[in-house]
Amino acid sequence: MNTLRLAVADGVTITKRNALKIRRAPDLLGGVVMLPIVFVLLFTYVFGSMISLPGMSYAEYMLPGIFVMTITTSAQITGYTLTQDLQKGIFDRFRTLPMSPSAVLTGQTLSDLIMNVTSIVTMTLVGLLVGWRVHTSPLEALLGFLMLLLFAYAFSWVTATVALALRTPEVFNNVATLVSLPLVFLSNAFVDSARLPGPLRPIAEWNPVSTLVQAARELFGNTSPAVPAPAAWPLRHAVPVSLLWSVLLLAVFVPLATRLYKRAVSR
Amino acid sequence: MPDAIVAEGLVKRYGDVVALDGMGLTVPEGSVFGLLGPNGAGKTTTVRILTTLLRPDAGHATVAGFDVVRDADRLRAHIGVSGQYAAVDDHLTGAENLEMVGRLHHLGTRRSRERARELLDRFDLTGAADRPVRGYSGGMRRRLDLAGALVAGPPVLFLDEPTTGLDPRARIGLWKVIAELVAGGTTVLLTTQYLEEADRLADRIAVVDHGRVIALGTADELKDQVGGDRIQLSVTSTASLESAARTLAPLAAGDMRIDAAALRLTIPVAGGAAALTEALGRLAAERITVRDAGLRRPTLDDVFLSLTGQRADEKTEEIA
């Protein structure tokens, strides 16, 4: 019990430290507030002017995709910050303190969750300005936001794991971009995955990003009877499968990141 | 007096590289122990093991009565560490940095805040307390890092090259702070590549090379190991350097050191001041112009040279 209380108290201390950092670092803050605004405006007005869907606006169709793209991008800040801290002596200081060793990673991921809340609020407001609407009950909409945040939190642990394995900010950035771009674009975020050619189609249909986007569309009511519902199994059960993905990612990557953290700092 | 730090037979390997090869040391409570050696000698690895950051492959060590491996969790409440890379957060202010350390020591919010202010005051950082550390100078960061090591008032303090990269004024300022801590009863283990720093601060010095202690004693004991006084003189040309070396060879009690770039000769002698008079007489007879001449006690640099066959700074360059 005492160990748990210690872990929570230390986790809160580290979360506060990271939140202060985000507030003071213009590059991080830009990523949290400016990037979502740019994404929403750019995609709505560039693609939205070219693509039309029967029975609904492209903004309605696309905004859940923007939500997911932004949180997967923001989750990379967890990894990036960790690689930066690894370059400095700050983890050495932490490890010579009588603090809970798990607090460093929980504090980091929790502060990034706060950041993702900021991103999602920003995108929601800008989305409402460009014509996106929620057509479901407030409870369903809330569930939609919580599901996005849970996935964002789980994905922070994935980027933390990758970062602790790669160790340098430059390498991490390259790898993260290389992985996250296909992850977001080989999905139904911006196009109908059923219309993708050959081998791309099953990849997109089983991509967890597609599942999450589909789940968000359902929970926000951004669907149209005129647009055929997807036939692939994970997309037909998008909400439970999305939750399953998040739980699975946490179950695998929390212990993995914790182990890599211990290894990375004890060199 | 009980020992604050005891280490025996520490071994640490990184693949084929042996970083520590049977490192051992004993530091009595309330004293300052200096680990002196070039880059790559194993100083930092020793500190990392003693501060629970690294597990040794063999050997054991206790600090403040706690085993560094078995009792690592409990030991951390009793040590302070300040490293050569200032472990401070750039985006946080000086006060926030210290408050964070206090809270992670579980001092509580109010006590953490008080303690941060006390330390900022003591380290002359009050004016910069609420500015982000990003804008601090190298000396200020180092002082803040040292303050961070002192938040919980640890009885044993580890300082890994505390003044590396600092300008002379900042270095002397930090030396003063360290001396005050020691006067207050803190045990300090200090690593340095600066002979002057070890000479000035440490009660006892271990010279470290290739992961082992190759000599141990007070600064004076180590200097006595390499014999008596040195004549040091410089001349005006390479030709006169050679003839001076030839002329004075019969007076040398040990290996003469010839620094061709600085046109300087260092000669260990037995007879003290009389030897210097004799040497100057011989040089005058040979009509060799002397630019500068003097008699001095051996320095730790001489100790290093005689122990390892190399000067400390040459060695550093070779490894880097």
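Residues numbered from 1 in each chain as written. Chains lettered and ligands numbered in written order. Predicted model: local features only at pLDDT ≥ 70, side-chain atom pairs only at ≥ 80, totals over all residues. Heavy atoms only, no water.

**What about the interface of chain B and chain A?**
Residue-level contacts link 29 residues of chain B with 22 residues of chain A. Taking both sides of the interface into account, the surface hidden between chain B and chain A amounts to around 2,400 Å²; carbon and sulfur atoms contribute 59%. Summed over the shared surface of chain B and chain A, the result is five salt bridges. When the shortest N-O distance is used, the salt bridge between R24(A) and E96(B) registers 2.8 Å. On the surface where chain B and chain A come into contact, there are nine residue pairs in polar contact (both at pLDDT 80 or more). Listing elements by their share of the side of chain B that touches chain A, those giving two or more residues are strand 6 (79-82), helix 3 (94-104) and helix 5 (138-149) of chain B. Top element by residues in the side of chain B that touches chain A is helix 3 of chain B. It accounts for five residues. Class assignment of the residues belonging to the side of chain B that touches chain A gives a composition of 14 nonpolar, eight polar and seven charged. (Contact = heavy atoms within 4.5 Å. Buried area = accessible area lost by both parts, 1.4 Å probe. Salt bridge = Lys/Arg side-chain N within 4 Å of Asp/Glu carboxyl O. Polar contact = N/O pair within 3.5 Å; in protein donor to acceptor, adjacent residues only side chain to side chain. Helix = DSSP H or I, 4+ residues; strand = E, 2+ residues; numbered from the N terminus. Nonpolar A, V, L, I, M, F, W, Y, C, P; charged D, E, K, R; others polar.)

**Describing the environment of E221(B)**
Mapped onto the secondary structure, E221(B) falls in helix 8 (residues 219-225). Separated by 16 residues in the primary sequence, E221(B) and I205(B) have C-alpha atoms spaced 9.6 Å apart.

**What about the confidence of the model for chain B?**
A low pLDDT score tells you not to read the predicted coordinates there in detail. Predicted confidence across chain B gives a mean pLDDT of 88, with 95% of residues reaching 70 or more. For the stretch residues 315-320 of chain B, pLDDT sits under 50, and the model shows nine contacts to residues farther than four places along the chain or on other chains. (pLDDT = per-residue confidence, 0-100.)

**Observations regarding the UniProt feature "domain: ABC transmembrane type-2" (unreviewed entry) in chain A**
This chain's UniProt record puts "domain: ABC transmembrane type-2" (unreviewed entry) on residues 27-264 of chain A. Counting secondary structure, residues 27-264 of chain A comes out at 76% helix and 0% strand; the distance between its end C-alpha atoms is 26 Å. (UniProt positions renumbered as here; feature names shortened; annotations may be inferred.)

**Let's talk about the pattern of salt bridges**
Evaluation of the coordinates by the stated rule reveals 23 salt bridges over all chains. Of the charged contacts, one joins K21(A) and D89(B) as a salt bridge, the two residues approaching to 3.8 Å between their closest N and O atoms. Of the two residues, K21(A) is situated in helix 1 (residues 2-24) and D89(B) in the loop between strand 6 and helix 3; the pairing between them involves two chains. Per residue, the accessibility class of K21(A) equals that of D89(B), and both read buried. Through salt bridges with shared partners, a single ionic network connects R17(A), K21(A), D85(A) and D89(B). (Buried < 20%, exposed > 50% of the residue type's maximum accessible area, 1.4 Å probe, protein only.)

**Description of the packing of helix 3 of chain B against helix 5 of chain B**
All names here are of chain B. Across the interface, helix 3 lies against helix 5 with an axial gap of 9 Å and an inter-helix angle of 20 degrees. With respect to helix 5, the element helix 3 is oriented roughly parallel. As for how helix 3 packs across helix 5, the hand of that crossing is right-handed. Contact with helix 3, carried on its side by G94, N97, L98 and V101, involves L144, A147 and G148 of helix 5 and no other residues of that element. Looking at side-chain class alone, the contact of helix 3 with helix 5 contains four nonpolar, three polar and no charged residues. (Axes fitted to C-alpha atoms, helices over the stretch in contact; angles between N-to-C directions. Parallel < 35°, antiparallel > 145°, perpendicular 65-115°, else oblique. Left-handed = near helix turned anticlockwise from the far one by under 90°.)

**Section: the pairing of strand 10 (residues 212-217) of chain B**
All names here are of chain B. The pairing of strand 9 (residues 204-209) with strand 10 spans five bridges and is antiparallel. Bridge assignment links I205 to a residue of strand 10, and that residue is G217. Linking strand 9 back to strand 10 in an antiparallel pair, the connection comprises two residues, with H210 at a positive phi of about 50 degrees. (Pairing = 2+ DSSP bridges.)

**Observations regarding the sheet that holds strand 9 of chain B**
All names here are of chain B. The strand order 6-7-8-3-9-10 describes an open sheet built from six strands, whose pairing is mixed. Both outer strands of the open sheet, strand 6 and strand 10, are each paired with one neighbouring strand and no more. For this sheet, the mean angle separating the axes of adjacent strands, direction not counted, is 15 degrees. In the sheet, strand 7 (residues 156-160) pairs with strand 8 (residues 187-192) via five bridges, with the strands oriented parallel. Following the sheet pairing, F158 is matched in strand 8 by L189. On top of the sheet, helix 1 (residues 43-50) reaches strand 3 (32-36), strand 7 and strand 8; it is set at about 150 degrees to strand 8, its chief contact. Helix 5 rests against strand 6 and strand 7 of the sheet, and its axis sits at about 165 degrees to strand 6.

**Things to note about the sheet that holds strand 4 (residues 58-63) of chain B**
All names here are of chain B. Strand order in the open sheet formed by four strands is 2-1-4-5, with antiparallel pairing between adjacent strands. This sheet does not close on itself; its edge strands, each paired only once, are strand 2 (17-28) and strand 5 (66-67). Across two bridges, the pairing between strand 4 and strand 5 is antiparallel. Directly across from V63, in strand 5, lies its bridge partner F66.

**A word on the domain arrangement of chain B**
The domains assigned to chain B are domain 1 (3-224) and domain 2 (228-297). One C-alpha centre belongs to domain 1 of chain B, the other to domain 2 of chain B; they are set 41 Å apart. (Domains from an automatic or database assignment.)

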